[in-house]
Amino acid sequence: MTRKTFTLFDPALVKPAIADAFRKLDPRVQWRNPVMFVVYVGSLVTTALCAQAFSGDGEAPAGFILAVALWLWFTVLFANFAEALAEGRSKAQAASLRSLKKQTWAKLMEAPKFGAKWHPIESSQLKRGNVVIVMAGDVVPADGEVIAGVASVDESAITGESAPVIRESGGDFSAVTGGTKVLSDWVIVRITANPGETFVDRMIAMVEGAKRQKTPNEIALTILLVALTIVFLVVTVTLLPYSLFSVDATQSGRPVSVTVLIALLVCLIPTTIAGLLSAIGVAGMSRMMQANVIATSGRAVEAAGDVDVLLLDKTGTITLGNRHAAAFLPAPGVDEAELADAAQLASLADETPEGRSIVVLAKQKFNLRERDVGALGAQFVHFSAQTRMSGVDLPLESPAPRVVGSDVLPVAVRMVRKGAAAAIRKHVEGLGGAFPAALDAVVDDVSRRGSTPLVVCDGVKALGVIELKDIVKGGIKERFAELRRMGIQTVMVTGDNRLTAAAIAAEAGVDDFLAEATPEQKLALIRQYQGEGRLVAMTGDGTNDAPALAQADVAVAMNSGTQAAKEAGNMVDLDSNPTKLIEVVETGKQMLMTRGALTTFSIANDVAKYFAIIPAAFVTTYPQLAALDVMHLGSPSSAILSAVIFNALVIVFLIPLALKGVPYRPVGAALLLRRNLLVYGLGGLVVPFIGIKAIDLLLNLVHFA
Ligand SMILES: Nc1ncnc2c1ncn2[C@@H]1O[C@H](COP(=O)(O)OP(=O)(O)OP(=O)(O)O)[C@@H](O)[C@H]1O
Ligand SMILES: [K+]
Ligand SMILES: [Mg+2]
């Protein structure tokens, strides 16, 4: 995506954010943030008191009340501004997505096959289930699944990656996204999303986050902040009658004013974190997007920060995934050409990349031409993750009896199959045949190389092995090591056999693996980890990964993967890079840490302010308190005003931190926590003393100038 990058306070973002900050003064908006709502009400009350003072009947000097009222309004506006700025950043990102939603013409087909007639239709009229043909130069009109053909597609509009990708029917590379462009050849696409419900629509809705839901952690934190606010509210409210009473009783001093009490309350309640909380969440999702990951919920981003197990599928995630036939390895006594012939037969109708590559290899090596499978009267048996086989049933030219033990059964068809060794063994033995021991050695050899062996059988006879080669993605080992340093365990789950899985696991450097896993077992493994109280992340691309993706706490679907996988996930990685999870986790952790750090800072700050302003605020009532006035502020009113100003400005100063996040390094949770407590806790205690003193000096300087 040609994404514009913005500096933190880019004028293009700041100007609309200022306008938004005023728009957010709407009480219905303010009400959503209870702590800031208290400040909002305080602003209204002091404004009324100020008006009263100017009409000559004030509880305190009008200028003082005016200053307090103004700075309370600023406090509210600054918090609004922080949120608006974060939202503006993601709106800008959404705008670049919107450019993908150009209206185009689609070629709607009358029948889902090549050669059928088509007529033009506006892309916005396409419905789920429609079938379109997309030719070289055409823009894919909507999200869909390729049902026939192969084409190179320019997906740079969504991924920012300029190299074209191959999209083809069958395997895990069959999903196409509306707005991308077919560069060569053609594909027939079944539309999988109604207008307004496409991937890009979902991304835009998510990124714009108009109805951004609070995450469970945010709700928990808000409850804590509200509780603190209520405590301080009670404390300050009871101070008023108390102060009145003591003035009455001692006949000395002056009762504290409502303005001062409101100022005190606002300084004591955790306005800093309350004002920045939403900005921190929005910024987290924005940073995900900068890493080219679209999160479909704030909750997923949050969970990413706490993940401790990562499950990855092998093919297409750890390996490049264009698994292709590299060799025919016949069983002893079988001719290689015979094996190739059967392998080709079993693959003619196999639409997966593996199946197609077998047909290609048979042609290259033995010049085996594709046969007219229709004329053969063949019945296709498609690959499934459960059977782990595919092939054809052919009518027998000269029906021969089938021998099972001592029974002789009639056989109506010739079954040609290819598939995982264990599956073919079961199949052959089920038919009464025997799996040659010599073939086991070949299977193991191939597996140890990290290749996938597909055994081919014709009836009861196992003919040999097709070696499917795949390549482990570059640099993946280092990235897994990094995940380990972050305290995350990596587990590879694959439908492939144990030996292949072990070889690839060793090459990729994962901590553990599960082989011969069915989709149900992948799901069960996630549930088991979750049962142990662990937070599980999963990356996958295949339809058979979808159930597991739906169950995982953080589910990153590869953008190159199938529609089913993308719908089941709660994040989509536009770059289809499994090690992206490192960034995803870092971003999540960074967001959690930022929230923690600012909460610590905010509460420490409030404690410090308590000691800074209580003596000043009540010195009129209790002159003895002057002894506690360690800060020697200019006057009681300048002390209170300084505290209010500091309280407002601190929000502005912390906006960069809230948006950029505190820096994250993979050093272990305990150390990080300790460091953050020290920096933000101690900092939070000290900074107000310096800040308030400085503002007070400045105020008095201006005042007496
Ligand atoms: N087209 C095919 N025809 C026959 N058998 C196949 C075909 N594709 C795969 N197999 C066999 O089925 C097994 C499981 O399939 P597959 O590798 O796609 O599983 P998976 O669970 O998606 O694992 P992965 O993590 O590797 O993607 C393969 O190891 C292979 O032995
Ligand atoms: K405060
Ligand atoms: Mg797979």
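What you see is a predicted model; the values in this text were computed from it and never measured.

So, how was this worked out
- In every chain, residue numbers begin from 1 and rise along the written sequence.
- Whichever chain is written first is A, and whichever ligand is written first is 1; the rest continue in order.
- Since the coordinates come from a predicted model, pLDDT governs what is reported: local features require at least 70, and pairs of side-chain atoms require 80 or more to be given and counted, while whole-chain, interface and lining totals use all residues.
- With hydrogens and water set aside, each side-chain value is computed from the structure's full complement of heavy atoms.
- Partly exposed describes any residue whose relative accessible area lies between the buried limit of under 20% and the exposed limit of over 50%, with all areas from a 1.4 Å probe on protein chains only and scaled to the type maximum.
- A run of H or I in DSSP becomes a helix once it reaches four residues, and a run of E becomes a strand once it reaches two; helices and strands are each numbered from the N terminus.
- Whenever two N or O atoms come within 3.5 Å, that pair is a polar contact, provided that in protein one can donate a hydrogen and the other can accept it, and provided that, for residues adjacent in sequence, both atoms are side-chain atoms.
- Donor selection uses N, O and S atoms within 2.8 Å of the metal (3.2 Å for Na, K and Ca). Since no water is included, sites may look incomplete.
- Labels for metal geometry use angle windows, namely 85 to 135 degrees for all angles of a four-donor tetrahedral site, and for square planar (four donors) or octahedral (six donors) sites opposite donors over 155 degrees apart plus all others within 65 to 115; sites meeting none of these are irregular.
- A pair is scored as a salt bridge if a Lys or Arg side-chain nitrogen falls within 4 Å of a carboxyl oxygen belonging to Asp or Glu.
- Lines fitted to C-alpha atoms define the axes here, with helix axes fitted over just the stretch in contact, and angles between the N-to-C directions of these axes take values from 0 to 180 degrees.
- By definition, any crossing whose near helix is turned counterclockwise from its far helix by less than a right angle is left-handed, and any crossing with a clockwise turn is right-handed.
- In this analysis, two residues are considered to be in contact whenever any of their non-hydrogen atoms come within 4.5 Å of each other.
- Gly is placed with the polar residues, together with every amino acid not listed as nonpolar (Ala, Val, Leu, Ile, Met, Phe, Trp, Tyr, Cys and Pro) or charged (Asp, Glu, Lys and Arg).
- For this analysis, a ring pair means two rings from Phe, Tyr or Trp (six-membered ring only for Trp) whose centres lie within 6.5 Å, classed as stacked if their planes differ by under 30 degrees, edge-to-face if by over 60, and tilted for the remaining angles.
- A positively charged side chain is recorded as over a ring if its NZ (Lys) or CZ (Arg) lies within 6 Å of the ring centre. The angle to the ring normal must also be within 35 degrees.
- Confidence scores labelled pLDDT are given residue by residue by the predictor and lie between 0 and 100.
- When we say a residue is near a molecule or strand, we mean one of its heavy atoms is within 4 Å of it.
- The Shrake-Rupley method, run with a 1.4 Å probe sphere, supplies the accessible areas, and residue values consider only the shown protein chains as cover.

1. Side note on helix 8 (residues 258-268)
Right, on to step 1. Of all the 11 residues making up helix 8, 10 are buried; the element is thus mostly covered by neighbouring parts of the structure.
Right, on to step 2. Buried within helix 8 we find Thr259, Val260, Leu261, Ile262, Ala263, Leu264, Leu265, Val266, Cys267 and Leu268.

2. Focus on the side chain of glutamine 489
Right, on to step 1. Within the fold, glutamine 489 resides in strand 18 (residues 489-493).
Right, on to step 2. At 2.7 Å, the side chain of glutamine 489 and the side chain of arginine 534 are in polar contact.

3. Observations concerning the coordination of the potassium ion (ligand 2)
Right, on to step 1. Donor atoms from the polypeptide that bind the potassium ion (ligand 2) are Val266 (O), Cys267 (O), Ile269 (O), Thr271 (OG1), Asp606 (OD) and Asn647 (OD1), placed at 2.3 to 3.1 Å.
Right, on to step 2. Each of the 6 donor atoms bound to the potassium ion (ligand 2) contributes to angles spanning 63 to 165°, and the resulting shape is irregular.
Right, on to step 3. Read from N- to C-terminus, the donor residues coordinating the potassium ion (ligand 2) fall into the pattern V-C-x1-I-x1-T-x334-D-x40-N. Cysteine 267 matches valine 266 in its accessibility class, with the two residues each being buried.

4. So, the pattern of salt bridges
Right, on to step 1. The full count for this structure, using the stated rule, is 28 salt bridges.
Right, on to step 2. Glutamate 87 is the partner of lysine 24 in a salt bridge, and the nearest nitrogen-oxygen pair spans 3.1 Å. Placement of lysine 24 in the loop between helix 1 (11-23) and helix 2 (27-30) and of glutamate 87 in helix 4 (residues 62-98) is noted, with a sequence separation of 63 residues between them. A single burial state applies to lysine 24 and to glutamate 87, both of which are buried.

5. Brief notes about the packing of helix 12 (residues 336-345) against helix 13 (residues 353-366)
Right, on to step 1. Axis separation between helix 12 and helix 13 bottoms out at 9 Å; the angle between their running directions is 150°. For helix 12 against helix 13, the interelement crossing comes out left-handed. Contact residues: helix 12 offers Glu336, Ala337, Ala340, Ala343 and Gln344, while helix 13 offers Ile358, Val359, Ala362, Lys365 and Phe366.
Right, on to step 2. Residues that form the contact of helix 12 with helix 13 fall into these classes: 7 nonpolar, 1 polar and 2 charged.

6. A short note on the packing of aromatic side chains
Right, on to step 1. Enumeration over the complete set of coordinates arrives at 5 aromatic pairs.
Right, on to step 2. Geometrically, the ring pair formed by tryptophan 71 and phenylalanine 74 is edge-to-face, given 5.0 Å between the ring centres and 70° between the ring planes. One end of the pair is tryptophan 71 and the other is phenylalanine 74, both in helix 4 and 3 residues apart, which spans about a single turn.
Right, on to step 3. The partly exposed category is assigned to phenylalanine 74, whose relative accessible area is 32%.
Right, on to step 4. Ring-pair connections join several aromatic residues into one group, and the members of that group are Trp31, Phe37, Tyr40 and Trp73.
Right, on to step 5. In this structure, lysine 107 packs its charged tip against the face of tryptophan 118, placed 5.3 Å from the ring centre.

7. With respect to the confidence of the model for the protein chain
Caution applies to low-pLDDT parts of the model: their predicted coordinates are not meant to be read in detail.
Right, on to step 1. Chain-level pLDDT for the protein chain is 86 on average; 92% of the residues reach the 70-or-more range.
Right, on to step 2. Taken together, the chains of this predicted complex give a pTM of 0.76 and an interface ipTM of 0.94.

8. Some details on the site of ligand 1
Right, on to step 1. In the vicinity of ligand 1 lie 21 residues, with Lys314, Thr315, Asp350, Ser390 and Asp496 positioned nearest.
Right, on to step 2. One nitrogen or oxygen atom from the main chain of lysine 314 is found 2.7 Å from an oxygen atom belonging to ligand 1.
Right, on to step 3. Arginine 323 places a side-chain nitrogen or oxygen 3.0 Å from an oxygen atom of ligand 1.
Right, on to step 4. When isolated, ligand 1 has an accessible area of 610 Å², and the protein chains bury 96% of it.
Right, on to step 5. Looking at the shell around ligand 1 residue by residue, the classes come out as 5 nonpolar, 8 polar and 8 charged.

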